[in-house]
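Chain by chain, the residues run as shown.
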Amino acid sequence: MASKARVTFNILLAALIIENILRFPLVTLINNSFNSTIYKTPEFYGISLEEHNVTTEDGYILKIFRVSGRNCVVKKKPPVILMHGLLQSSDVWFDAGPNAGLAYLLTEACFDLWLGNQRGNYHAKRHLFLDPDRNPRFWHFSVDEIGFYDIPATIDYVLKATGEKKLNYIGYSQGAGTFFIMCSERPGYCDKANVLIGVAPAARQTHTKSVPYRTMTKSVENLESTLTNMGINELFARGSFGQQFSSFFCSLNSITADVCGLFIGFIDSLHTESINVKTLRHLFRHFPDGTSTHNIARYGQSMSTRFFQKFDYGEAKNRKIYGDTKPPKYNLSAVTVPFVNLYGRNDKLVDPKDITWLIKQLPNVLEDVEVADPAWNHFDVAYSQLSKKLIYPKIDEYLSKYSDIM
């Protein structure tokens, strides 16, 4: 009789194969017809998105967006970069709607807002030389490379485009963790930001309580070589079977949307009435938004160490790559930018214990803020209708402090 571990291995392997092979255009067609009746684009609310292409030093092309509103003739300086988390894209900042989505709130306040994208998601699957559909090398990246290449390139591009010497940065989950990596690995880049606002910042994830998330990442860590040998280098892409089906199912009606809300609660934690039905019916249009198998494996590793460190390839390969049998630890004391932290007590993905550890490592913490609602969780940052009340005032306070108010 097969062991439980072997059964779990086979089920996950089969699911990932199906997820990455099947494509159903009909599902997309039906899904789009449903969502067209329940979702208004940012343009409907007077928001304009200006597309820009950022090319990293290693050849990845990242589409980013400059956001403008109809009521701001003059924008506050300096510019603000808002960076998404794992398996998300810049689209996430509009999902909660005009009264709660951070992109809407920041634009309404006349900040010069730039929405970033990190390699591997829907808006960042281009390269100068590598075809993501044909060349596996495209997908050999994790947060290590995103922090080293993507964040610095995005910062440099925005500063050059605006003519400013510094900017303000808001990082959600992976969007904050990759900023920490940049500060550790790229001397001088921390000095290009006036303030870093971390919202549920992901560094080490030793105490992550989410069983589904921990099981998925640890399983992919163990399966990585098997998956990549089978040609599965990308996981949970927009347009994959799982994403298309969930988009279709969640958009059907309020009942199916509530089921999808329970699913989000299963991954993270339940927060009743925080995410409304309209958002639940919409957000799966572009969630999950894809990343590399290697990056998911990297998150699996982060749950088995007390440190925030680079990818562990095993003793032999570590020695070849790093010159040591163990992967190097990131130097969090190099994160000298003034730092503001916002976190939720009920976050099951980035546990408060890991937040406490992180805060002790950083040298310039201005404020460490636990969100007042004890039920506040990880997904609330992007999707909650309570953001305007619970997290936006603190974000606005520090952005305004480090901005020229026109």
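For clarity, every value in this text was computed on a predicted model and none was experimentally measured.

Reading guide: rules and limits
Residues numbered from 1 in each chain as written. Predicted model: local features only at pLDDT ≥ 70, side-chain atom pairs only at ≥ 80, totals over all residues. Heavy atoms only, no water. UniProt positions renumbered as here; feature names shortened; annotations may be inferred. Helix = DSSP H or I, 4+ residues; strand = E, 2+ residues; numbered from the N terminus. Contact = heavy atoms within 4.5 Å. Phe/Tyr/Trp six-rings, centres within 6.5 Å; stacked < 30°, edge-to-face > 60°. Buried < 20%, exposed > 50% of the residue type's maximum accessible area, 1.4 Å probe, protein only. Lys NZ or Arg CZ within 6 Å of the ring centre and 35° of its normal. Core = buried A, V, L, I, M, F, W, Y, C linked by side-chain atoms within 4.5 Å. Pairing = 2+ DSSP bridges. Arc of directions from axis to C-beta. Axes fitted to C-alpha atoms, helices over the stretch in contact; angles between N-to-C directions. Parallel < 35°, antiparallel > 145°, perpendicular 65-115°, else oblique. Left-handed = near helix turned anticlockwise from the far one by under 90°. Nonpolar A, V, L, I, M, F, W, Y, C, P; charged D, E, K, R; others polar. Disulfide = S-S within 2.5 Å.

A.B. asks: Before we go on, may I ask you to explain the UniProt feature "active site" (unreviewed entry) in the protein chain in this structure?
C.D. replies: Under the UniProt annotation, the feature "active site" (unreviewed entry) is placed at Ser173, Asp347 and His378. A stretch of 206 residues holds the annotated residues, and the largest C-alpha distance among them is 11.2 Å, short enough that they meet in one place. Mapped onto the secondary structure, Ser173 falls in the loop between strand 6 (167–172) and helix 5 (174–185). If sequence neighbours within four positions are ignored, Ser173 has contacts with Gly85, Val199, Ala200, Pro201, Ala202, Val350 and His378. Residue position: Asp347 is located in the loop between strand 10 (339–343) and helix 12 (352–361). When neighbours within four sequence positions are excluded, Asp347 is seen to be in contact with Ala200, Asp268, Pro352, Trp376, Asn377 and His378.

A.B. asks: What exactly am I supposed to notice about the packing of aromatic side chains here?
C.D. replies: Within a pair of aromatic rings, the relevant descriptors are the distance that separates the centres and the angle that separates the planes. In this structure the tally under the stated criterion is 20 aromatic pairs. With 6.0 Å between their ring centres and 75° between their planes, Phe287 and Phe379 make a pair best called edge-to-face. Highlighted residues: Phe287 in the loop between helix 9 (277–283) and strand 9 (291–292) and Phe379 in the loop between strand 11 (365–370) and helix 13 (380–383), separated in sequence by 92 residues. For the pair shown, Phe287 and Phe379 are each scored as buried. Put simply, the rings of Phe44, Tyr45, Phe94 and Tyr104 touch in pairs and so form one group of aromatic residues. Here Arg186 stacks its cationic end above the ring of Phe148, 4.6 Å away from the centre of that ring. Over the ring of Tyr122 we find Arg238; its NZ or CZ atom is 3.9 Å from the centre of that ring.

A.B. asks: For this particular structure, what's the right way to read the nonpolar core?
C.D. replies: Nonpolar side chains in soluble globular proteins generally cluster together in the buried interior. Ranked by size, the top nonpolar core spans 109 residues in total, and within it Phe179, Phe180 and Ile197 carry the most contacts. Residue contributions to this core peak at seven residues, all from helix 4 (residues 143–162).

A.B. asks: Would you mind showing me how to read the pairing of strand 6 here?
C.D. replies: Two faces make up the sheet, and in a regular strand the side chains alternate between them. Counting buried residues in strand 6 gives six out of six residues, a clear majority hidden from the surface. Of the two faces of strand 6, both are covered, the one formed by Leu167, Tyr169 and Gly171 as well as the one formed by Asn168, Ile170 and Tyr172. In terms of strand pairing, strand 3 (residues 76–83) meets strand 6 through four bridges, oriented parallel. Bridge assignment links Ile81 to a residue of strand 6, and that residue is Tyr169. Direction of pairing for strand 6 relative to strand 7 (residues 193–199): parallel, over a ladder of six bridges.

A.B. asks: Teacher, can you tell me more about helix 15 (residues 392–401) here?
C.D. replies: The α-helix winds at 3.6 residues per turn, so residues separated by three or four positions along the chain end up facing the same way. All of the buried residues in helix 15 are Tyr392, Lys394, Ile395, Tyr398 and Leu399. The buried side chains of helix 15 occupy one side of the element, clustering within an arc of 165° when seen end-on.

A.B. asks: I keep staring at the packing of helix 6 (residues 211–229) against helix 10 (residues 293–302) and nothing clicks. Help me out?
C.D. replies: The packing of two helices is summarised by the inter-axis angle and the distance between the axes. Relative orientation of the contacting elements helix 6 and helix 10 amounts to 125°, with a least axis distance of 7 Å. On the basis of the axis angle, helix 6 is oblique to helix 10. In this structure, the crossing between helix 6 and helix 10 has a hand that is left-handed. Touching Tyr213, Met216, Thr217, Lys218, Val220, Glu221, Glu224 and Leu227 of helix 6 are Thr293, His294, Ile296, Ala297, Tyr299, Gly300 and Gln301, all from helix 10. Split into classes, the residues belonging to the contact of helix 6 with helix 10 amount to seven nonpolar, five polar and three charged.

A.B. asks: Would you take a moment to explain the state of the cysteines for this structure?
C.D. replies: Counted according to the given criterion, the structure contains three disulfides. Bridging Cys72 to Cys110, the disulfide has an S-S length of 2.0 Å. Note on the Cys72 and Cys110 pair: the S-S dihedral is about -85°, so by sign convention the disulfide is left-handed. Taken together, the positions of Cys72 in the loop between strand 2 (60–69) and strand 3 and Cys110 in the loop between helix 3 (102–108) and strand 4 (111–115) put the pair 38 residues apart, joining distant regions of the chain. This pair shows no difference in class: Cys72 is buried, exactly as Cys110 is. The residue that forms a disulfide with Cys250 is Cys260, at a sulfur-sulfur distance of 1.9 Å. Taking the sign of the torsion about the S-S bond as the criterion, the disulfide between Cys250 and Cys260, at about -90°, is left-handed. Here Cys260 lies in helix 8 (residues 254–267) and Cys250 lies in helix 7 (residues 241–250), a separation of 10 residues in the sequence. In this structure, Cys250 and Cys260 share a single accessibility class: buried.

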